[in-house]
Amino acid sequence: MRRTSASLVAGALVASLAWASSPSSPAVALDPTAGVADLTQDLNQILSDSRLTIARAGVVVKSASTGEELYATDAGKQLIPASNTKLFTSAAAVETLGLDYRFPTTVLNTGRKAGSVLTGDLVLRGTGDPTMLAEDYDALAAKVAAAGVKVVTGRLVADDTWFDSQRLGNDWAWDDETAYYAAPISALTASPDRDYDAGSVIVSVAADGGKVKVSTTPETDYLKIVNKATAGAETDVLIERQHGTRTVVITGTVADPYQEWVAVDDPTAYVSTLFRASLAKHGVKVLGATATGAAPDGAKELARHESMTLGELLVPFMKLSNNIHAEILTKAMGRKAAGQGTWSAGLKVATDFAKANGVQVINMRDGSGLSRRDGFSPGSIVQLLTSVRGKPWFPTWYAALPIAGDADRFVGGTLRSRMRGTPAAGNVHAKTGSLTGVTSLSGYVTSADGEPLVFSIMLNQYLSGSPKDIEDKIAVRLAQFTRAAAVDAPAQLRSAAEGQAGDLECSWLKPVQC
């Protein structure tokens, strides 16, 4: 049974507090420079890999206790970070919103209630909660019914004005528009399950009696399903929403059950259909049409749902590298700081936070790292990671980072199948990042001497063969680091079948639990 986010946070606090309060200085060998020289030689050798011959590689390693730079190459070069961007977004969000921040979703009425009849409109107002499930909208509908409402004479109004109407990031790829990891951003949205991939629906296919049956999670008629698939001897099926539409076309053959996560075209419209269906289920009839708009001043609250805290949300957000959480939090920061739920306002908050913590090289175009115009230097990432160690919220944030080699998805996250059986397993807490031709790994590791280290590895513009194993070799070598002497060559990092996520984050490849 999956553990809850709250229990995962609480269970990891002891270890994270211990890391944050590690000894202020490492044990000193007779020649304190010998180990550093050996480390430099080994990291240079690892980075001499032929896959990086025409690529760009930036690596920085510092002692978290002394501030000493143990290794650096291209420390100040601006590189594409991919999902390492989430380090900046998550830290700024916790600082700005607080660990106890919750997203409320409310139902309001604009008229008067006479018996079981509610005159005026019924308004569903969201503030961006990415953890809302169909069952949560159903619970809101049940509360409306429990208030004695059976008929609404006006419209069902979806109020998503907490955020602006820009749904997609400025630089996001056109062909990602239907992918659930690039789903549209709205203040009213819904997730299909407790991975909380807001703005998406799970479409499942299964062979039954020589035919292919299609189902969705949650059940919804919002999507138009065009099923061209046939039952066959093997499963080779494509489930794809057509660009800019609600139409999902299914082709190929199906032998075994298969499912795909699909982004909806308009989260607000999708949520409106879920909520209207739930109202009908609970005996509440809305006579008017569905519309969008802001709730008028003076509208009265009928029902409320509040999300888990931001401290709890950090677990699925960071462990599974959830892009939509990052963008929602970006707009939420903008709303909190400037009264504007926009990317520009939120990115200013994140950038200002980074600069206030000593970051010099930063170009944030979104909150998730989907944009190829995002740019950070490995030195800037290490600076941020070092600075936030002194924050009161650091233990919770540190515990939410993926942990190398832990098979539990909500502990190991995107590092769950990497560095198993090495000194880095259970030791490295770090954020992964992947785009085509881009991979990064930045975080924390404790050396063999018990010295806390901070590191950032950014590899860009490689042409073939994912070099994630290079990141792993570096992380393992850091876990083996001792100031006294050289160490043996790193152990085998992972089997050939494990962790081969290619050019996308492991958790973005939903059907394959890598």
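What counts, and where the lines are drawn
Within each chain, residues carry numbers counting from 1 in the order of the written sequence. The model is predicted, so local features are restricted to residues of pLDDT at least 70 and side-chain atom pairs to those at 80 or more, both for listing and for counting; the totals for chains, interfaces and linings are taken over all residues. Side-chain measures were taken over the full set of non-hydrogen atoms in the model, leaving aside hydrogen atoms and water. For the purposes of this entry, the term helix denotes a DSSP run of H or I that reaches at least four residues, the term strand denotes a run of E that reaches at least two, and both are numbered from the N terminus. The cut-offs for exposure are 20% and 50% of the maximum accessible area for each residue type, with area from a 1.4 Å probe on protein chains only; residues under the lower value are buried, those over the upper are exposed, and the others partly exposed. A contact between two residues is defined here by any heavy atoms of the two lying within 4.5 Å. Using a 1.4 Å probe, accessible areas were evaluated by the Shrake-Rupley method; residue-level cover was limited to the displayed protein chains. The pairing test for Phe, Tyr and Trp rings, Trp by its six-membered ring, is centres within 6.5 Å, and the orientation test on the planes gives stacked under 30 degrees, edge-to-face over 60, and tilted for anything in between. Here, strands pair whenever DSSP counts at least two bridges between them. Here, a salt bridge means any Lys or Arg side-chain nitrogen found within 4 Å of an Asp or Glu carboxyl oxygen. Residues belong to one nonpolar core when they are buried, are Ala, Val, Leu, Ile, Met, Phe, Trp, Tyr or Cys, and are joined through side-chain atoms within 4.5 Å.

Novice: Please clarify how the overall build of the protein should be interpreted in this entry.
Specialist: Along the protein, the regular secondary structure elements total 11 helices and 23 strands. Classification of the 514 residues of the protein by burial places 56% in the buried group. By sequence separation, contacts in the protein at least 24 residues apart represent 71% of the contacts at least 6 residues apart. Taken as a whole, the protein presents about 19600 Å² of accessible surface, with 51% of it coming from carbon and sulfur.

Novice: What is the right way to read the packing of aromatic side chains from this model?
Specialist: A ring pair, where both rings are aromatic, is described by two values, the distance of the centres and the angle of the planes. The tally for this structure, following the rule as stated, stands at 10 aromatic pairs. The interplanar angle of 85 degrees and the centroid separation of 5.1 Å between the aromatic rings of Tyr101 and Phe103 together place this pair among those described as edge-to-face. Since its relative accessible area comes to 17%, Tyr101 is described here as buried. Its relative accessible area of 2% is what places Phe103 among the buried residues. Ring geometry for Phe394 and Tyr444: centres 5.6 Å apart, planes at 80 degrees, overall edge-to-face. Taken together, the residues Phe394 in helix 10 (residues 394–400) and Tyr444 in strand 22 (residues 438–446) connect sequence positions 50 residues apart.

Novice: Even after reading the chapter, I still don't get the pairing of strand 22, so can you show me in this structure?
Specialist: On a regular strand, one side chain projects to one face of the sheet and the next to the other, so that they alternate. Taking burial as the measure, the 9 residues of strand 22 include 9 buried ones, the bulk of the element. Across 7 bridges, the pairing between strand 21 (residues 429–435) and strand 22 is antiparallel. Each bridged residue has a counterpart across the sheet, and for Gly433 the counterpart in strand 22 is Ser440. The turn joining strand 21 and strand 22, which pair antiparallel and follow one another in sequence, is formed by 2 residues; a positive phi near 75 degrees is taken by Gly437. Where strand 22 and strand 23 (residues 452–460) come together, 9 bridges link them in antiparallel fashion. Paired with Val445 across the bridge in strand 23 is Leu453. What sits between the antiparallel neighbours strand 22 and strand 23 is a turn of 5 residues, in which Gly450 has the positive phi angle 85 degrees.

Novice: What's the story with the pattern of salt bridges in this structure? I'm lost.
Specialist: In a structure, side chains of opposite charge can pair up when their charged atoms sit close to one another. One pass over the structure, following the stated rule, counts 23 salt bridges. The partner of Asp74 in a salt bridge is Lys77, and the shortest N-O contact between them spans 3.6 Å. Put simply, Asp195 and Arg409 hold a salt bridge, and the shortest N to O gap is 3.0 Å. Residue Asp195 is found in the loop between strand 8 (156–159) and strand 9 (200–208), and its partner Arg409 is found in the loop between helix 10 and strand 21; the two are separated by 214 residues along the sequence. In this structure, Asp195 and Arg409 share a single accessibility class: buried. In the salt-bridge network here, residues are joined through shared partners; they are Asp49, Arg51, Asp469 and Lys473.

Novice: I would appreciate a short explanation of the nonpolar core in the present structure.
Specialist: General note: in soluble globular proteins, nonpolar side chains tend to be found buried as a group. With 68 residues, the main nonpolar core has Leu87, Phe88, Leu310, Val388, Trp397 and Tyr444 as its most contacted residues. The contacts of Val388, once residues within four sequence positions are left out, are Ala91, Phe353, Trp393, Phe394, Trp397 and Tyr444. Core analysis: the next-biggest nonpolar cluster, separate from the first, contains 38 residues, Val149, Leu156, Val271 and Val286 among them.

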